[in-house]
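This is what each chain is made of:
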Amino acid sequence: MKTLILRWLPNGRRTVIGIPFTFLLLFFLVPFILVVTISFSQQQLGVPPYTPLTTLKDDVYSIALNIGHYKFLLQDDLYFATYISSLQIALVSTLLCLLIGFPIAYYIARASESVRGTLMMMVMLPFWTSFLIRVYAWIGILKNDGFLNQFLMWLGLISAPLRIYHTNWGVYIGMVYSYLPFMIMPLYAHLVKMDLTLLEAAYDLGSKPWRAFIEVTLPLSKNGIIAGSLLVFIPAVGEYVIPELLGGSDTLMIGRVMWDEFFNNVDWPMASAVTCAMVLLLLVPMALFQHYQTKVLEESKR
Amino acid sequence: MNVQIQERSAPAAGRQGKGFVQVIDVVKKFGDAVALNHVSLTIEKNELFALLGSSGCGKSTLLRILAGFETATEGKILIDGEDLARVPPYHRPVNMMFQSYALFPHMTVERNVGFGLRQEGVPKNEIAERVNEALDLVQMRRFAQRKPHQLSGGQQQRVALARSLVKRPKLLLLDEPMSALDKKIRQQTQFELMNILNKVGVTCVMVTHDQEEAMTMADRLAVMSEGEVVQIGGPTEVYEYPNSRFSAEFIGSTNLFDGVVVEDEPDHVYVEAPGLPARLYINHGITGPLGMNVSVSVRPERVLLSRAKPQQPYNWVQGAVKDVAYMGSYALYRVELGNGRMVTANVAGLVLSQGEAPSYGDEVFVSWSESSGVVLTK
Ligand SMILES: Nc1ncnc2c1ncn2[C@@H]1O[C@H](COP(=O)(O)OP(=O)(O)O)[C@@H](O)[C@H]1O
Ligand SMILES: [Mg+2]
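(A) Fine view of the site of ligand 1. All names here are of chain B. In the region of ligand 1, the neighbouring residues are Phe 30, Ala 35, Ser 54, Ser 55, Gly 56, Cys 57, Gly 58, Lys 59, Ser 60 and Thr 61. Here an oxygen atom of ligand 1 sits 3.2 Å away from a polar atom, N or O, in the main chain of Cys 57. A distance of 3.0 Å separates an oxygen atom of ligand 1 from a polar backbone atom of Lys 59. Summarising the interface, the protein chains cover 54% of the accessible area of ligand 1, which totals 560 Å² for the free molecule. Taken together, the residues of the shell around ligand 1 sort by class into 3 nonpolar, 6 polar and 1 charged.

This is how it looks when you write it as structure tokens:
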């Protein structure tokens, strides 16, 4: 009896786990369930702009799930193309971030201890200004008579301005620029704690520097690469601002579709269905990563 | 005795041939700080050579120059007659066992050991064969599929040893090989390591700050201090005939008496030490003028304690027992002389059991034979 009472009293462990748990429940799960419910309702004119799922009529309580929006998602080529294009843009952006971010993180991690802090500070400096303003600024740089084209023409490298603004190129540039710090930070964290005698050991055993990099440095920063890639990929898939401001009308991304459905068509149920599909799509790589992480953890415990 | 003294002053001559590894007048500076100051060494083939010295004396720096991780500011390194100055670490016929072992955490034991062979492009089946051979040598074949973090410290050390031997280097470098091990298994590991090294027959330079380790394992050793080599010789030679106060105090413990030379003949020396009741007599000659300031080193185990005044007119002092520490097979006595100085004496267990051993507070005479003292001029 006493143990039963004790079990329900708050203890330290339960409080520590409980607070973030409650937070996630309230601010993530509940809104998400709302979105899921809306996706199964129907559009109507009024407030709210969708019909309720449940009705009580003549003592009959009925639940009506409208799967029409999901059917439409699967049937309409435009949505499918949008998903593919979102994943592709996010994937290419992630790879570009990795290719550019790795050398930067590597250089900072191998710099002398006194300058490392300053360099990381510079990586994070852009966060001090609004994201929106920074992306706006890129319009000024990328547009046909913008700084970049003027500069290249002044150098004589090109005779006619490059069309970057309002194309996928503009989106890639914006994505890499915005998400690069999220790639650099986990990579840096892994590279900086790497034991450099391992590299000496590799050289000592006859490994040339580039091979030591491939066989020792790269595998040891694998978790940093995975973490950085997820931190870039996941928000990039749902990105709205960058494709809206820098992309062309033919730049298809889920974020824009959601926006259009919500605000232009006031079709909340359709927008919710698009959102749910996107979350499902993102859950797959996340779950794979989680699975992989636990496997690594278990292995190291054995 | 005289002959040995002569040999001590020129240790490089007699036993040594051309030298398999030659360190010639090496200087290493980090900015203004001098880490190695004109170091010269010759190491014979299949010899286990120890660099011994306290922390910061430059041992690791010399080892890293041999491995190619640092370049000497001045001087030359020859291995088997080849000048290594311009050879990068990955082309040197040298392998190192790191103090922290530096095993690759993401590779199994097998892949760790095979790493060096894969870099050389050795055929796969030969790699497997040589890896197994190396793992057998250190008795780690059973653990071939484990990752380093699944091994104990001693097992990791053996994997590291196998990895550094598998390429059959001309020179093996060991950086503080025992420092990461528990004290308990250290001694046993020392003998195992020596056995393995003898079996494969490899020239080996070992760095250590532990004089017992150096004395146990090394064929010869170099005592280093502040970037300079103080003395080179076999363990017994360095222990029995230290060439300087530093050597005498660093290797084992000793009693030092400072004094001046008052008589120097080819077969003996008299040293007068202020504050001592008798003169010091040593039965070998030294090179140096009369009146020179010297120290006489007498090892604690060479010292006799007695209640009666010794017969001999020299090599004795008088004092009171201040401290007795029983060490099992022997007891360590600390005797305070009239002038406040302490003399340490080891008294064997046998003497103690005969019941006449002095105890705390007793007035005793401390004496030693004419062949027990060593005159140190540096
Ligand atoms: N990379 C370095 N930069 C500057 N000084 C160094 C460096 N490596 C070693 N030293 C200095 O050289 C001296 C010898 O160091 P080391 O060879 O590591 O000593 P030991 O291994 O005998 O303890 C020390 O004073 C140390 O501070
Ligand atoms: Mg050291």
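Picking up where we left off.
(B) Representation of the interface of chain A and chain B. Residue-level contacts link 21 residues of chain A with 26 residues of chain B. Carbon and sulfur atoms make up 57% of the area that chain A and chain B hide from each other, which totals about 2,000 Å². When the area that chain A buries against chain B is broken down by residue, the three leading residues are Glu 200, Asp 204 and Leu 205 of chain A, summing to 35%. In this structure, the connection of chain A to chain B is made through 1 salt bridge. Between chain A and chain B we count 8 residue pairs in polar contact (both at pLDDT 80 or more) in total. Elements supplying a minimum of two residues to the side of chain A that touches chain B: α9 (197-204), α10 (209-220) and α14 (268-301) of chain A. Grouping the amino acids of the side of chain A that touches chain B by side-chain chemistry returns 9 nonpolar, 4 polar and 8 charged.

(C) Layout of empty space enclosed by the protein. Residue and element names in this part refer to chain B. Considering all chains together, one arrives at 1 cavity of 30 Å³ or more under this definition. Volume-wise, the largest cavity comes out at about 40 Å³. Lining the largest cavity, in full, are Gln 157, Arg 158, Leu 161, Thr 189, Glu 192, Leu 193 and Ile 196. Counting residues per element, the ones that place at least two in the lining of the largest cavity are α5 (153-165) and α6 (183-200). If you tally residues by element for the lining of the largest cavity, the top one is α6, at 4 residues. For the lining of the largest cavity, the class distribution of residues is 3 nonpolar, 2 polar and 2 charged.

(D) Seen up close, unusual backbone geometry. Phi at Tyr 101 of chain B takes a positive value of approximately 75°, unusual for a residue other than glycine. By the element assignment, Tyr 101 of chain B lies in the loop between β6 (94-97) and α3 (109-120).

(E) Spotlight on the layout of surface pockets. All names here are of chain A. In this model, the largest pocket occupies a volume close to 670 Å³. Where the lining of the largest pocket is concerned, the elements lending two or more residues are α10, α11 (222-237) and α14. In terms of residues, the lining of the largest pocket owes the most to one element, α14, which gives 6 residues.

(F) Expanded view of the packing of α9 of chain A against α10 of chain A. Residues and elements named next belong to chain A. Following both chains from N to C, one finds α9 and α10 inclined at 140°, their axes separated by 10 Å at the closest point. Regarding the angle of α9 to α10, the classification is oblique. Judged by the sense of rotation from one axis to the other, the crossing of α9 with α10 is right-handed. In this structure, α9 uses Leu 198, Leu 199, Ala 202 and Tyr 203 to contact α10, whose residues at the interface are Pro 209, Ala 212, Val 216, Thr 217 and Leu 220. Along the lines of polarity and charge, the residues of the contact of α9 with α10 split into 8 nonpolar, 1 polar and no charged.

(G) Summary view of the nonpolar core. Formed by 50 residues in total, the largest nonpolar core has its most connected members in Leu 73, Met 175, Leu 246 and Val 274 of chain A. Of all the secondary structure elements, the ones that give two or more residues to this core are α4 (77-110), α5 (113-124), α6 (131-142), α8 (168-192), α11, α12 (241-246), α13 (254-264) and α14 of chain A. If we skip the residues at most four places from it in the chain, Leu 246 of chain A touches Val 135, Trp 138, Ile 139, Leu 142, Ile 164, Tyr 165, His 166, Thr 167, Gly 170, Val 171 and Gly 174 of chain A. Ranked by size, the runner-up nonpolar core spans 46 residues in total, among them Val 131, Val 159, Ile 196 and Met 217 of chain B.

Thresholds, definitions, all that
- Sequence order as written defines the numbering, with residues in each chain counted from 1.
- Each chain takes a letter, starting from A, and each ligand takes a number, starting from 1, following the order in which they are written.
- Totals for whole chains, interfaces and linings use all residues, but because this is a predicted model, local features are given only for residues with pLDDT of at least 70 and pairs of side-chain atoms are given and counted only at 80 or more.
- Working from all heavy atoms in the structure, the side-chain values ignore hydrogens and water.
- By convention in this text, a residue qualifies as near a molecule or strand provided that one of its non-hydrogen atoms is within 4 Å of it.
- N or O atoms closer than or at 3.5 Å make up a polar contact, with two conditions inside protein: a donor-capable atom paired with an acceptor-capable one, and, for residues adjacent in sequence, both atoms drawn from side chains.
- Per-residue accessibility takes into account occlusion by the displayed protein chains alone, with areas from the Shrake-Rupley method and a 1.4 Å probe.
- Residues were grouped as follows: Ala, Val, Leu, Ile, Met, Phe, Trp, Tyr, Cys and Pro as nonpolar; Asp, Glu, Lys and Arg as charged; and all remaining residues, including Gly, as polar.
- Pairs of residues are marked as contacts when any of their non-hydrogen atoms sit within 4.5 Å.
- What counts as buried area is the accessible surface, traced by a 1.4 Å probe, that two parts surrender upon association, with contributions from both included.
- Here, a salt bridge means any Lys or Arg side-chain nitrogen found within 4 Å of an Asp or Glu carboxyl oxygen.
- Only DSSP runs of H or I reaching four residues or more are called helices, and only runs of E reaching two or more are called strands; each is numbered from the N terminus.
- Method remark: on a 1 Å grid restricted to protein atoms, a set of points is classed as a cavity if a 1.4 Å probe fits but cannot get out and as a pocket if it is open with protein on both sides within 12 Å along at least five of seven lines; lining residues have an atom within 4 Å of a point.
- Grid points are joined across faces, edges and corners, and a volume is the space filled by probe spheres set on the points.
- Axes here mean lines fitted to C-alpha atoms, for a helix over just the part in contact, with angles spanning 0 to 180 degrees between N-to-C directions.
- The scheme is simple: roughly parallel for angles under 35 degrees, roughly antiparallel for over 145, roughly perpendicular for 65 to 115, oblique for anything else.
- Handedness of a crossing is defined here by the sense of rotation of the near helix relative to the far one, left-handed for an anticlockwise turn of less than a right angle and right-handed for a clockwise turn.
- We call a set of buried residues a nonpolar core when its members are Ala, Val, Leu, Ile, Met, Phe, Trp, Tyr or Cys and they connect through side-chain atoms within 4.5 Å of each other.
- Only protein chains enter the accessibility calculation, which uses a 1.4 Å probe. A residue is then buried if its area is under 20% of the maximum for its type, exposed if over 50%, and partly exposed in between.

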